[in-house]
Amino acid sequence: MKPHLLKIPREDEHSFSVRYDIVSHFYNKWHYHPELELVYIIEASGRQFIGDSIHHFKKNDLILLGSNLPHLWRCDEKFLVKNSNLKVEAVIVHFLPECFGSEFFKLPENKALLRLFQKAQMGVRIKNQSRDQVTALMRQLVHAKNSERIILLLQILQIIAHSRQTKTICSEGLTFQYSASEAERLNTIYQYILNNFTKQITLDQIAAIAHLTPNGFCRYFKSRIKKTFSSFLLEVRIGHACKLLAESDMPVASICYECGFNNFSNFNRHFKFIAGRTPLNHRKYYQEIRGMRIKLSEN
């Protein structure tokens with residue numbers, strides 16, 4: 001899927017951008033930019049689309065995105081409804097690979113950082129103690145001035161580059177060809193899916209949204225997102241089911257129909273294939289995690 005180029009604002013006196021945002025929702029169009037992006041989500045939840053990957057994001061997530069890696073952050077509906085009092089809270093760092101000069105990251109001492117930038121082309125999720133270390137430094141970075149900003153950013157990148165508590169997000173070797181003229185069509189497709197995945201979406205309907213024939217749409221979608229429309233729609237639906245199973249007490253049968261499925265056996269089959277476990281086992285897994293957290297907080 002071809003996103004559009006987003007211009008990241010930067011003050012003239014700074015070599016990179018640091019923002020502490022408290023807003024109603026994230027920017028929710030499929031986009032890319034030459035800057036690497038480090039996102040610490042303090043308060044928010046929703047779906048994230050990074051390259052060919054679909055996942056849910058939540059508070060305390062920490063993600064590094066590579067240069068020109070397309071992405072979209074779609075907050076949950078509770079953040080998007082009119083007159084909602086909920087706010088997204090996040091610290092976001094944007095920096096160009098050459099922000100400290102064209103040769104700085106090519107220095108022998110910075111080989112690990114250069115490898116990290118290459119790894120970030122697949123997106124990197126930072127977890128556990130490494131996440132805690134980095135997010136503490138990011139909070140300091142928000143208020144830092146002068147050369148302290150540079151020192152803190154290098155400390156952050158050093159921790160991530162040498163951490164074993166990271167996981168790549170997208171498929172290896174993916175490349176994206178961009179065309180600004182297609183941006184509106186592709187965003188229309190994405191938004192239509194996100195707004196209607198709980199209902200039946202026929203190939204004729206989605207093709208009409210894109211102003212293509214059904215066969216033309218299938219070829220178009222596969223060439224951009226690197227997967228079929230039916231596979232993409234299944235991942236969106238199962239992702240929503242995972243969230244409901246983890247965060248609500250809704251019966252599994254109700255979740256099946258809430259996520260756009262009209263056949264319970266198909267729902268179970270697709271869920272196990274995509275999530276790697278049955279719906280009931282998925283719920284049990286998150287119930288056990290919640291129980292462990294409650295015990296830890298009591299101690």
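All values reported here derive from a predicted model rather than from experimental measurement.

Whenever I open this one, the environment of E77 confuses me. Can you help?
Along the chain, the position of E77 falls in helix 1 (residues 77-80). Judged by its relative accessible area of 44%, E77 is partly exposed. Taking the C-alpha atoms as reference, E77 lies 9.7 Å from N195; in sequence the two are 118 residues apart. Only 3.0 Å separates the side chain of E77 from the side chain of R74, close enough to count as a polar contact.

Would you mind showing me how to read the nonpolar core here?
Counting residues in hydrophobic clusters, the biggest one holds 29 residues, and the most contacted among them are L38, L64, V93, F95, M138, I156 and L157. Looking at this core, the elements with two or more residues in it are strand 4 (36-43), strand 7 (62-65), strand 9 (88-95), helix 2 (111-119), strand 10 (124-126), helix 3 (128-143) and helix 4 (147-162). Ranked by the residues each element gives to this core, the list is headed by helix 4, at 5 residues.

Would you take a moment to explain the side chain of H240 for this structure?
Here H240 lies in helix 8 (residues 229-247). Since its relative accessible area comes to 13%, H240 is described here as buried. Not counting residues up to four positions away in its chain, the partners in contact with H240 are R47, H56, F197 and C259.

Please clarify how the pairing of strand 5 (residues 46-50) should be interpreted in this entry.
Regular strands have side chains that alternate between both faces of the sheet. For strand 5, the tally of buried residues reaches 5 of 5 residues, placing the bulk of the element in the interior. Examined bridge by bridge, strand 5 and strand 6 (residues 53-57) share 5 bridges and lie antiparallel to one another. Bridging from a neighbouring strand, R47 pairs with H56 of strand 6. Linking strand 5 to strand 6, which pair antiparallel, is a turn of 2 residues; within it G51 sits at a positive phi near 60 degrees. Across 5 bridges, the pairing between strand 5 and strand 8 (residues 71-75) is antiparallel. Paired with I50 across the strands is H71, a residue of strand 8.

Hey, could you run me through the confidence of the model for the protein chain in this one?
Do not read the predicted coordinates in detail wherever pLDDT is low. The share of residues in the protein chain with pLDDT of 70 or more is 91%, and the mean pLDDT across the chain is 89. Confidence scores differ between elements of the protein chain, with strand 1 (residues 4-5) showing the lowest mean pLDDT of 60 and strand 7 the highest of 98.

Looking at this model, I keep getting lost on unusual backbone geometry. Mind explaining?
Residues other than glycine predominantly adopt negative phi, and peptide bonds predominantly adopt the trans conformation. A positive phi is found at N68, a non-glycine position, where the angle reads about 65 degrees. Examined against the element boundaries, N68 turns out to sit in the loop between strand 7 and strand 8. Take N68: its relative accessible area is 28%, and that puts it in the partly exposed class. Backbone geometry at N128 places phi at a positive 55 degrees, although glycine is not the residue there. Looking at the element boundaries, N128 is found in helix 3.

Calculation rules
- Residues numbered from 1 in each chain as written.
- Predicted model: local features only at pLDDT ≥ 70, side-chain atom pairs only at ≥ 80, totals over all residues.
- Heavy atoms only, no water.
- Helix = DSSP H or I, 4+ residues; strand = E, 2+ residues; numbered from the N terminus.
- Buried < 20%, exposed > 50% of the residue type's maximum accessible area, 1.4 Å probe, protein only.
- Polar contact = N/O pair within 3.5 Å; in protein donor to acceptor, adjacent residues only side chain to side chain.
- Core = buried A, V, L, I, M, F, W, Y, C linked by side-chain atoms within 4.5 Å.
- Contact = heavy atoms within 4.5 Å.
- Pairing = 2+ DSSP bridges.
- pLDDT = per-residue confidence, 0-100.

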